[in-house]
Amino acid sequence: MVLTSSDPEPFNAPIADTLNQLWHPVVQQNGCVFKPVEHFEVAMLNLIFHPNINSTSIMRADVLYDSSIDSPKDVAISYEDYETKEKEICCEIEKLGILLRSNRVEGVRIKRRIIREIIPRNQDKDLPMRQSCLLLSGGAGSSSILFLPHGIESPESTPYYHPAVSGILLHYTSTRAHNDANTLQLFYRLFSPSPETVALPNRLERTALRLLATAYKHSLGVMNGYQKRVQHDVVIDKVSFQDTYVSLKRRYARDLVSRWVESTDPKKHVFEDLAIAAFLMELWDARYTEKGCAKNNISFVDIGCGNGVLVYILIMEGYTGYGFDARRRKTWEIFPDLVQDCLREEVLVPYLCLDTDMETGNKGLIFHDGKFPEGTFLIGNHSDELTPWIPLLGQPFMVIPCCSHALSGAKYRYRTSIELRLESAPRHNQQKLSTYGALVEHVAKTAHDVGWVVEREMLRIPSTRNAAIIGVERRSGDDMGRIWTAEDIIRREGGAAGFSDRVVALTSKKPRSH
Ligand SMILES: C[S@@+](CC[C@H](N)C(=O)[O-])C[C@H]1O[C@@H](n2cnc3c(N)ncnc32)[C@H](O)[C@@H]1O
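Residues numbered from 1 in each chain as written. Predicted model: local features only at pLDDT ≥ 70, side-chain atom pairs only at ≥ 80, totals over all residues. Heavy atoms only, no water.

**Considerations on the sheet that holds strand β17 (residues 452-458)**
Argument step 1. If you walk across this open sheet you meet the seven strands as β12-β11-β10-β15-β16-β18-β17, and the pairing is mixed. A strand with exactly one partner marks an edge of an open sheet, and here the two such strands are β12 (343-345) and β17. Sheet twist, expressed as the mean angle between neighbouring strand axes with direction ignored, is 20 degrees.
Argument step 2. When strand β16 (residues 397-400) meets strand β18 (residues 467-474), the two strands line up antiparallel, connected through three bridges. Residue pairing in the sheet places Phe-397 in a bridge with Gly-471 of β18.
Argument step 3. Strands β10 (299-303), β15 (377-381), β16, β17 and β18 of the sheet are contacted by helix α5 (residues 266-287), whose axis makes an angle of about 155 degrees with β15. (Pairing = 2+ DSSP bridges. Helix = DSSP H or I, 4+ residues; strand = E, 2+ residues; numbered from the N terminus. Axes fitted to C-alpha atoms, helices over the stretch in contact; angles between N-to-C directions. Contact = heavy atoms within 4.5 Å.)

**Comments concerning helix α4 (residues 238-258)**
Argument step 1. Under the 1.5 Å per step criterion, the end-to-end length of α4 is 28 Å for 21 residues, consistent within 8% with the ideal 30 Å.
Argument step 2. Among all positions in α4, only Lys-238, Phe-241, Gln-242, Thr-244, Tyr-245, Val-246, Leu-248, Tyr-252, Ala-253 and Leu-256 are buried.
Argument step 3. Buried residues belonging to α4 abut β4 (58-66), α5 and α6 (309-316). (Expected span 1.5 Å × (residues − 1). Buried < 20%, exposed > 50% of the residue type's maximum accessible area, 1.4 Å probe, protein only.)

**Some thoughts on unusual backbone geometry**
Argument step 1. Its identity as a non-glycine residue notwithstanding, Asp-233 has a phi of 55 degrees, on the positive side.
Argument step 2. Its place among the elements puts Asp-233 in the loop between α3 (202-223) and α4.
Argument step 3. Accessibility expressed as a relative area gives 26% for Asp-233, which makes it partly exposed.
Argument step 4. Positive phi outside glycine occurs at Asp-384, with the angle close to 45 degrees.
Argument step 5. According to the relative accessible area criterion, Asp-384 is buried, its value standing at 13%.

Without other data, these values stay purely geometric and don't point to any function.
Okay, here's the thing in structure tokens:
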């Protein structure tokens, strides 16, 4: 797609409305065929609800009012504020009617009003901003979206994540004549209006191009029946997760990054573990605390805990538990004694594979047999050799697979064809899989077969290895099917010989950069 900056005539001359407010046409895309026009509207509504698609600086939008479901009184801002806003909006509409009429579009009508609050990712840098978003129907085949920020009076008071303008209009017109005449146009209302064509700052122009390109791409996507490949926020609501994540980030990120003693990238590790902690806290809240289990009665074990950051956050947040790893890490020393007491250098050799030979002797190592008190929540975050074992240990768990290993601890590629998939596998996993996809499906199938109701989440973490497989509930009722024992599974997988030797050997190797 080629996006052109405004064509000389008639597009680039500002259009004045009755109140002498000027709307500057900035970019236009010709040849848009979103038929019917609802394709454009569905795509734009999705972008209104998910402004993070347009900017990585934006975390989300909270909808304060939506005329399709709320009455004006339901609005989450004060009613007076809303009334004032309504007056302003009506005034804007009047102006807009004139604007659209000047583009030869008759009969503008408001189809839907939404007030959203845009929440930036870094709230120390930028404040949230409220904005009215109006879906306007301009007669057959035309539609517009008008964005009006609330309480922003100048470029200086505009948050970084929003273009420094007092209004944005995206206007789609289609005609029956020929496709080239179907246009998508973007107008800005500037803070310092000029009757002349003005040269916009580069950043404003680039943003306009991006907004228009996204609107175009998403409208085409809706028209072509695009479906999101990856579904997020299936297990835990996005807003609760994000609020907890932001709160943890504020309290722990800077300190952890500044005191990092490993040679690994602190930002990647810290933000990843903060996000996993936020997810677990919300998961536990939904599954345990809301059902009356006190927070400090939730007991966790992070198996293969590496640098221990996840354990640190969870302990500091008042949960009970510990982490262990075959190899102690330098980071453990930066944590308070309370946390250091919860980090152990131990090697897990599950009791289920103790019948295989253990030739290496114990070399003074401390072993864990994989028997945990009933109800202990097991965490396996990128825990390599342990990944396929965790669903077999009989306790609720969350596994985030990473490198692919067999029960023997050897590196292993699971079959990438579809026949071993669970019916519940996401649609994109019903095709031939990557090695990683096959590992994730293998863990899910193992968990299912030993009787867990398998839940899946694509975690919002800075890693491509972000699939979480969760088992909290046991299968029951209609969903019984065959339940395998862990021993059955081990036999089905060809045994676990060599596991103990392999993991003992780990203790004399330098940890990889995880
Ligand atoms: C890829 S690292 C991940 C560490 C950490 N969970 C993270 O995400 O940063 C895998 C860890 O699992 C540990 N590990 C593997 N097998 C183990 C076993 N049998 N017992 C204890 N730790 C083990 C390794 O020592 C390593 O630190």
